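What follows is each chain in one-letter form.
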Amino acid sequence: MARALVGSPDVQLDVAEPATLRGLLAELARRYPQLDGVVLDATSHAPLEPHAVLLDGRIARGLDEPLSADDKPVLLIAPSGG
């Protein structure tokens, strides 16, 4: 869903230090407002279910989680069902 809305499989963002997941998602929403209300919450910019952010292969712990320059966050849709 995010890829279709953004028109690209990946994006690069610059965020102010100290970087947090909250800051990254806010910048993502600023650059791609079409994500708000569909992939990201329009107010907090937190991922809306069933979307999630992975950091180094694990689900991010929260919006205030710090990010380093080496982190490669991935916004994805978490599949569900049986």
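It should be noted that the structure appears before, not after, this text.
Residues numbered from 1 in each chain as written. Predicted model: local features only at pLDDT ≥ 70, side-chain atom pairs only at ≥ 80, totals over all residues. Heavy atoms only, no water.

Caption draft 1: Region of the structure containing the sheet that holds strand β3 (residues 74-77). Ordered in space as β2-β1-β3, the three strands form an open sheet in which the pairing is antiparallel. Two strands close off the open sheet at either side, each with one partner strand: β2 (58-59) and β3. Pairing analysis gives four bridges linking strand β1 (residues 51-55) to β3, with the strands arranged antiparallel. Counted as the bridge partner of A52 is L76 from β3. (Pairing = 2+ DSSP bridges. Helix = DSSP H or I, 4+ residues; strand = E, 2+ residues; numbered from the N terminus.)

Caption draft 2: Seen up close, the pattern of salt bridges. Enumeration according to the criterion identifies four salt bridges in this entry. Here E27 makes a salt bridge to R30, at a shortest N to O gap of 2.7 Å. Note that E27 and R30 are positioned in helix α2 (residues 21-31) at a spacing of three residues, about one turn of the helix. Residue R30 is classed as exposed on the basis of its relative accessible area, which comes to 57%. Beyond isolated ion pairs, a larger network of salt bridges with shared partners links R58, R61 and E65. (Salt bridge = Lys/Arg side-chain N within 4 Å of Asp/Glu carboxyl O. Buried < 20%, exposed > 50% of the residue type's maximum accessible area, 1.4 Å probe, protein only.)

Spatial relationships are all this shows, so hold off on functional conclusions.
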